[in-house]
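Single-letter residue listing:
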Amino acid sequence: MNERISPARVIKGVVNVPGDKSISHRYAMLAGIAEGETSIYNYSTGADCQSTLACMAKLGVEHRFAEEEGRRVLKVQGVGTHGLKEASTSLDAGNSGSTMRMLTGILAAQPFQTVITGDESLVQRPMRRVITPLAQMDAHIDAREGQFAPLTIYGGPLHGIEYHSPVASAQVKSCVLLAGLFAEGQTVVHEPVRTRDHTEIALAELGAEILVTGRTVRIEGGGRLVGKPLFVPGDLSSAAFFIVAALMAPEGDLTISNIGLNPTRAALLDVLRGMGANIKLLHIEQANGELVGTLQVKTSNIAGGTIEGATTASLIDEIPILAVLGAVSRDGLIVRDCGELRIKETDRIATISANLERMGVSVKTTEDTMEIPGRQKLHGAVLPSGGDHRIAMAFSVAALAATDGPSTIEGSEAASVSFPEFFETLSQITS
Ligand code: S3P
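*Asks:* Explain the site of the ligand to me, and be specific about the residues and the numbers.
*Replies:* Around the ligand lies a shell of 14 residues, among which Ser 22, Arg 26, Ser 169, Asp 317 and Lys 344 are the nearest. Taking Ser 169, its side chain carries an N or O atom lying 2.7 Å from an oxygen atom of the ligand. The side chain of Asp 317 places a nitrogen or oxygen atom 2.7 Å from an oxygen atom of the ligand. Compared with its free state, where it exposes 380 Å², the ligand has 95% of that area covered by protein. The set of elements that each furnish at least two residues to the shell around the ligand consists of α1 (21–32), α3 (97–107) and α5 (170–182). The element best represented in the shell around the ligand is α1, accounting for 3 residues.

*Asks:* Go over α1, please, and point to the residues and values.
*Replies:* Between the first and last C-alpha of α1 there are 17 Å, a value that for 12 residues agrees with the 16 Å anticipated at 1.5 Å per step. Burial analysis of α1 places 12 of its 12 residues in the buried class, which makes it a mostly covered element. Three or more residues of α1 are buried, namely Lys 21, Ser 22, Ile 23, Ser 24, His 25, Arg 26, Tyr 27, Ala 28, Met 29, Leu 30, Ala 31 and Gly 32. The opening residue of α1, the one whose side-chain oxygen lies 3.0 Å from the backbone nitrogen of Ser 22, is Asp 20.

*Asks:* Can you tell me about the nonpolar core, naming the residues and giving the values?
*Replies:* Core analysis: the largest hydrophobic core is formed by 76 residues, its most contacted members being Phe 242, Ile 243, Leu 272, Ile 319, Met 370, Phe 395 and Phe 422. When sequence neighbours within four positions are dropped, the list of residues in contact with Phe 395 reads Val 324, Ile 352, Asn 355, Leu 356, Met 359, Leu 383 and Ile 409. Listed in part, the 68 residues of the second largest apolar core include Val 130, Ile 141, Ile 161 and Leu 206.

*Asks:* Summarise the environment of Arg 125; cite the residues concerned and give the values.
*Replies:* Assignment of secondary structure puts Arg 125 in the loop between β7 (113–117) and α4 (128–136). It is 6.5 Å that separates the C-alpha atoms of Arg 125 and Phe 148, two residues lying 23 residues apart in sequence. Discounting residues that sit within four places of it in the chain, Arg 125 has contacts with Asn 95, Gly 97, Arg 101, Gln 147, Phe 148, Ile 343, Lys 344 and Glu 345. Of the polar contacts made by the side chain of Arg 125, one reaches the backbone oxygen of Ile 343; its length is 3.0 Å.

*Asks:* Before we move on, can you summarise the sheet that holds strand β18 (residues 305–307) with the specific residues and values?
*Replies:* If you trace the 4 strands from one edge of the open sheet to the other, you get β18-β19-β21-β20, paired in mixed fashion. Strand pairing shows two members of the sheet lacking a second neighbour, β18 and β20 (364–365), which therefore form its edges. Inspection of the sheet shows β18 paired to strand β19 (residues 333–335) by 3 bridges, in the parallel sense. The residue bridging Thr 306 from the neighbouring strand is Ile 334, located in β19.

*Asks:* For the domain arrangement of the chain, give the residues involved together with the corresponding values.
*Replies:* Along its sequence, the chain is organised into domain 1 (2–18 + 233–429) and domain 2 (21–231). Each of domain 1 and domain 2 has a C-alpha centre, and the two are 28 Å apart. Buried area between domain 1 and domain 2, summed over both chains or domains, comes out near 2,400 Å², and the portion from carbon and sulfur atoms is 48%. If you look at where domain 1 meets domain 2, you find 2 salt bridges. For Arg 129, the salt bridge is made with Glu 340, and the minimal N-O distance between the two is 2.9 Å. Summed over the shared surface of domain 1 and domain 2, the number is 16 residue pairs in polar contact (both at pLDDT 80 or more). Secondary-structure elements contributing two or more residues to the side of domain 1 that touches domain 2 are β17 (290–298), α9 (309–314) and α12 (389–400). Of the residues assigned to the side of domain 1 that touches domain 2, the class counts are 10 nonpolar, 9 polar and 9 charged.

The rules we used
- Residues numbered from 1 in each chain as written.
- Predicted model: local features only at pLDDT ≥ 70, side-chain atom pairs only at ≥ 80, totals over all residues.
- Heavy atoms only, no water.
- Near = heavy atom within 4 Å.
- Polar contact = N/O pair within 3.5 Å; in protein donor to acceptor, adjacent residues only side chain to side chain.
- Areas by Shrake-Rupley, 256 points an atom, 1.4 Å probe, with all protein chains shown as cover.
- Helix = DSSP H or I, 4+ residues; strand = E, 2+ residues; numbered from the N terminus.
- Expected span 1.5 Å × (residues − 1).
- Buried < 20%, exposed > 50% of the residue type's maximum accessible area, 1.4 Å probe, protein only.
- Core = buried A, V, L, I, M, F, W, Y, C linked by side-chain atoms within 4.5 Å.
- Contact = heavy atoms within 4.5 Å.
- Pairing = 2+ DSSP bridges.
- Domains from an automatic or database assignment.
- Buried area = accessible area lost by both parts, 1.4 Å probe.
- Salt bridge = Lys/Arg side-chain N within 4 Å of Asp/Glu carboxyl O.
- Nonpolar A, V, L, I, M, F, W, Y, C, P; charged D, E, K, R; others polar.

Structure follows, in structure tokens:
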């Protein structure tokens, strides 16, 4: 599908974004292995999170969507930590790395065999990063060429390990912690930098014995989880597209309500404020251990700057949209230590720079850096998504800020991986 987007002067209104993708995956998996029914409010509408539900259904976890006082609620019938059943066919994680990597941690501990695969992007993404620690726990996993899906997981008893993760990846950490829940003894994960901690929060919320100290997480094996009502905050990584659209617009004034503000995810807001963004916090509260709030964003002069090290890791999903902002900022944007972008849904260093260049913007890249000089003009262009949701959405926002002519986003349907309502919401706030 193609979407034609014209430049817009005004970005105004109140928006809601879908439930957080990362949290939705975790709630669906944990509710499935918890005891009793779990009601999940505001579950992500994105295709990735439907893939997780479909995989859990194949493993014998029933779910249904219901309506409660006008709210859509997902009801998951938990089967307990010993209740998953062998799937009769292979599991399909679709485009979702989180589904495949985190579920593999659970599946490695089951008393049955599972094959898990995905779409043409996912079967090219590295899985050795989860196979290595799981093998140390005594898991048996076959992968294509030793590192790619399909994965054949020969489930069996696991033992706890102490793992120093070489990669800054919440998916790897979560995979090991989920395996640790089933393992004998204690499992300890040390991270190189702090990554999103939704798994730790959700496990504690449902009753697991888990302790976080700095960049170290400990979980006791053999624990049980008990279902309870869970509320998913709006996805800050999805809101990021609208935040940047409002900052860049000549007349931007946007309120974003019910948005997740977990500190391990909110680096984007700190970085933007440090660059001069007018972003106000109107309200904040807690739900199931996660911070949720309302933000107001207004047109701002953005200075630009450098993002590196732990900060890069903590806003890795927001770099496509920050790169767009960098091009129109005063001093430009330098992003260092972003090699992980090369193994996302696309090689994002390549897809971001190719599309910026199509819009007439100059970019310099290396294996793990991007340098985008500031004060550049964006020109309307034909912009392929490459099948990557965040590229489709980042360049839709770039198209709004173009100084001349409409743009065409090719493969715009990719947005539905995390945000099926993206183009509809965009049209409601632009004029
Ligand atoms: C995610 C972690 C990040 C992120 C992805 C979601 C998660 O991936 O890019 O969109 O939910 O844990 P890595 O763990 O590979 O960095």
